[in-house]
Structures are given as C-alpha cells and as structure tokens.
Amino acid sequence: MKNIVSLKWLLARMYESDIVIVDCRFQLGKPESGREAYTESHIPGAVYLDLEKDLSAPIEEHGGRHPLPDIAELTVTLSRAGIGNASRVIAYDDQGGAMASRLWWLLKYMGHEEVYVLDEGFTAWKNAEFPVTADQKVLIPAQFLATVQHNLLVEADEVREKLEDATVTLIDSREGARYRGEVEPIDRVAGHIPGAINRFWAEGRDADGKYKSAEGQTARFEGLPQDGELIVYCGSGVTACPNVLALQEAGFTNVRLYAGSWSDWISYEGNAVAVGDKEEQKNT
C-alpha cells in the first residue's frame, strides 16, 4: 500500500529519528474528547493535532464547516510539532482513519510526500498490547516549508462550471441516506450536488477495520475512468479524504478534493441540489 502502514510496521520503526507520529483523534460534537483521549493514553512519542483548532480554519459564511486552514499558519503549527520536510509522518485516529486522512491530505497538498495513515487505529494498537503512554514528549521544532499543490484542490465555482462536463466525475463520500436527502443531521439542506455518485467513505475498510487492499478499492470504484478527473466531497471536507486516499490506492491519479464540500455548496444562493438517486433538482 502506498499511503497506509500497519501496526507492526510502526512498532518496528516508531523510535527512528525521522518518524513523527501524530494523534488525530477527534469526535464531531465533542471537540475536547480527542485531546482528552490523547492526554490519557497515546502511542509513545505522538504529538496531538486537533481537527478544528489545528487542521481547520474558523467557520465563515463560505468554506464549509471545516474550512481549510491558512497555509502559513499550518506551516507554523507543523513546524512547532516537530514536522520538517524530511520527516516521515504517521497519522492515526480512532475514527476509521477519517481524521488521520485529513492530515494526510493536507500534507500532500503542501507538497509533503512522506505521510501515511496507520491502519486500524489506536484501539487496535492498544488491543495488540503495543506500548502506550500518558507522557508527552518535549517538542523540538523543525522547519517545514510548503510547496502547495494547487491541482489537488477544487473550489465551489469550479465544481459549478464542471457539472455538465462528461469527463468529470463527482463522488459524494457521505452515507447513502444523506446523499439521497432522506436525512440530514448536520447541514441545513439535504441532498447532493447534481450528477454526483455515492461511495460511502467507510466502505473503504473491511469488517475488521483494516483498509481494503488496492484490489478491494479498485472494486469499489469500478467503472470510473482511470484517466478522468475525479472530484471528491463529503459534508465538510474531512471524510472525503479517506476516499481520496482509497482512490490513490486504486491507481487513480487525477483526484481532487472539494474541501468545502456539501456545507460550502449550500452556502451559495442558487446552487442546484439533487435528491434521491436521480438528478431531481431544486434551488437552495
């Protein structure tokens, strides 16, 4: 696998000098729970980065519920956490890889290639009786310089322009019921972007919580053109990231994230909305 490392892989390398382990645990609706869990117990040497305080910008009128952080500010955050351009970063969470994948994508967006998501997550690590600690390591700042990969990101206006483009596939990463507009527990409007297909992000893992193999991911995205442009979104740009990762594992190379996602899309007057499995449209 290109972007995922196993528990045993990390166990064998966790004390190597260029490894930086990042705890990304976070629960939506319980913003303090991740740091509390980290304070109680974490993989030795891990630093903690918070989804909303570190890996997102403050909410504004547009940009969605988890806007991308300011790149200059994130560069400072990463440097303070000891992440430099030569670091091998291993991100983990306890949320199926969703939060860890957000950091994975952000680092890729900033031009950092050596970043991986830990398969299975913290509970599996602990259940395997691998070492955990409450001790927090002394942070030694590193120098991180970003080389932003603008081609990995797409904004709402570009999504709007490409709705009629047959060479572009929109992938909605939310649960089927939210995609179809049958329920909407978070955002003010239910439904999906017209023309989008639905591939629930959590189906990228097996029943035992491990990421599916490259072949398994390829099967999830069967029928999509390998050379076509794929734009991935979710509710707020977080759970789309594990689908971006899965698409890379399956060999797709032209994969872009609509980071604002559904919560950004519906913040614009007049953006079309579809419900059901058909493209029945209404205006927001």
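These numbers were taken from a predicted model, which means no experiment stands behind them.

About the criteria used
Residues numbered from 1 in each chain as written. Predicted model: local features only at pLDDT ≥ 70, side-chain atom pairs only at ≥ 80, totals over all residues. Heavy atoms only, no water. Salt bridge = Lys/Arg side-chain N within 4 Å of Asp/Glu carboxyl O. Helix = DSSP H or I, 4+ residues; strand = E, 2+ residues; numbered from the N terminus. Buried < 20%, exposed > 50% of the residue type's maximum accessible area, 1.4 Å probe, protein only. Pairing = 2+ DSSP bridges. Contact = heavy atoms within 4.5 Å. Core = buried A, V, L, I, M, F, W, Y, C linked by side-chain atoms within 4.5 Å. pLDDT = per-residue confidence, 0-100. Axes fitted to C-alpha atoms, helices over the stretch in contact; angles between N-to-C directions. Arc of directions from axis to C-beta. Polar contact = N/O pair within 3.5 Å; in protein donor to acceptor, adjacent residues only side chain to side chain. Phe/Tyr/Trp six-rings, centres within 6.5 Å; stacked < 30°, edge-to-face > 60°. Lys NZ or Arg CZ within 6 Å of the ring centre and 35° of its normal.

1. Focus: the pattern of salt bridges
Close approach of charged atoms allows side chains with opposite charge to pair. Overall, the coordinates contain 15 salt bridges when judged by the stated rule. Lys 162 is paired through a salt bridge with Glu 229; the nearest N and O atoms lie 2.8 Å apart. Separated by 67 residues along the polypeptide, Lys 162 in the loop between helix H6 (156–161) and strand S7 (168–172) and Glu 229 in strand S9 (residues 229–233) bring together distant segments of the chain. When its relative accessible area of 19% is taken as the criterion, Lys 162 is described as buried.

2. As for the sheet that holds strand S2 (residues 19–23)
A sheet is described by the order of its strands in space; here 5 strands give the open sequence S1-S5-S4-S2-S3, paired in parallel fashion. Where the open sheet ends on each side, the last strands, each with one partner, are strand S1 (4–5) and strand S3 (47–48). Bridging between strand S4 (residues 88–92) and strand S5 (residues 115–118) involves 3 bridges; their strand directions are parallel. Among the inter-strand pairings, Ile 90 is bridged to a residue of S5, identified as Tyr 116.

3. Describing the environment of Ile 197
You can see Ile 197 is positioned in strand S8 (residues 197–198). We classify Ile 197 as partly exposed; its relative accessible area is 23%. Along the primary structure Ile 197 and Glu 161 are separated by 36 residues, whereas in three dimensions their C-alpha atoms are 17 Å apart. With near-sequence residues (within four places) excluded, Ile 197 lies in contact with Thr 169, Leu 170, Ile 171, Asp 172, Tyr 179 and Leu 224.

4. Quick look at the environment of Leu 139
In this structure, Leu 139 sits in the loop between helix H5 (122–127) and strand S6 (153–154). Residues Leu 139 and Leu 107, 32 residues apart in the sequence, show an inter-C-alpha distance of 19 Å.

5. A few points about the nonpolar core
Membership of the largest hydrophobic core comes to 66 residues, with the highest contact counts inside it found for Leu 10, Val 22, Ile 43, Leu 78, Leu 103, Trp 105 and Leu 118. Among the elements that take part in this core, helix H4 (residues 98–109) stands out by supplying 8 residues, more than any other. When residues no more than four places from it in sequence are discounted, the contact partners of Leu 103 are Val 22, Cys 24, Leu 49, Leu 55, Leu 78, Val 89 and Ala 91. Ranked by size, the runner-up nonpolar core spans 16 residues in total, among them Val 154, Val 168, Val 189 and Ala 196.

6. Focus on the confidence of the model for the chain
Looking at the chain as a whole, its pLDDT mean stands at 95, while 98% of the residues score no less than 70. Long-range and interchain partners of residues 279–284, a stretch whose pLDDT sits below 50, account for 24 contacts in this model, where long-range means more than four residues apart.

7. Quick word on the sheet that holds S7
On the basis of which strands lie adjacent, the open sheet formed by 5 strands has the order S6-S10-S9-S7-S8 and parallel pairing. Lying at the two open borders of the sheet, with one neighbouring strand each, are S6 and S8. Pairing of S7 with S9, which is carried by 5 bridges, proceeds in the parallel orientation. Along S9, the bridge assignment pairs Val 168 with Glu 229. Contacts from helix H9 (residues 240–249) reach S7, S9 and strand S10 (255–258) within the one sheet, and its direction differs from that of S9 by about 150°.

8. Some points on helix H2 (residues 33–40)
Structurally, the α-helix is built with 3.6 residues per turn, so residues lying three or four positions apart point the same way. Within H2 the residues assigned to the buried category are Ser 33, Gly 34 and Tyr 38. The arc that holds every buried residue of H2, seen down its axis, measures 140°, which confines them to one face. Along H2, the residues that are exposed and aim more than 90 degrees away from the buried face are Glu 36 and Glu 40. Looking at the buried side of H2, the elements it contacts are S2 and S3.

9. Here we look at the side chain of Gln 217
Tracing the backbone shows Gln 217 in helix H8 (residues 214–220). In this structure the side chain of Gln 217 is engaged in a polar contact, spanning 2.9 Å, whose partner is the backbone oxygen of Gly 204. At 3.0 Å, the side chain of Gln 217 and the side chain of Arg 220 are in polar contact. In this structure, Gln 217 is in contact with Gly 204, Tyr 211, Lys 212, Ala 246, Glu 249 and Ala 250, ignoring residues within four places of it in sequence.

10. So, the packing of aromatic side chains
The final tally for this structure, using the stated rule, is 7 aromatic pairs. When the centroid spacing of 5.9 Å and the interplanar angle of 20° are considered together, the rings of Tyr 92 and Phe 122 count as stacked. Here Tyr 92, found in strand S4, pairs with Phe 122, found in helix H5; they are 30 residues apart in sequence, far enough to count as distant. For Tyr 92, a relative accessible area of 0% puts it in the buried group. The cationic tip of Arg 25 hangs over the ring face of Phe 122; the distance from NZ or CZ to the ring centre is 4.1 Å.

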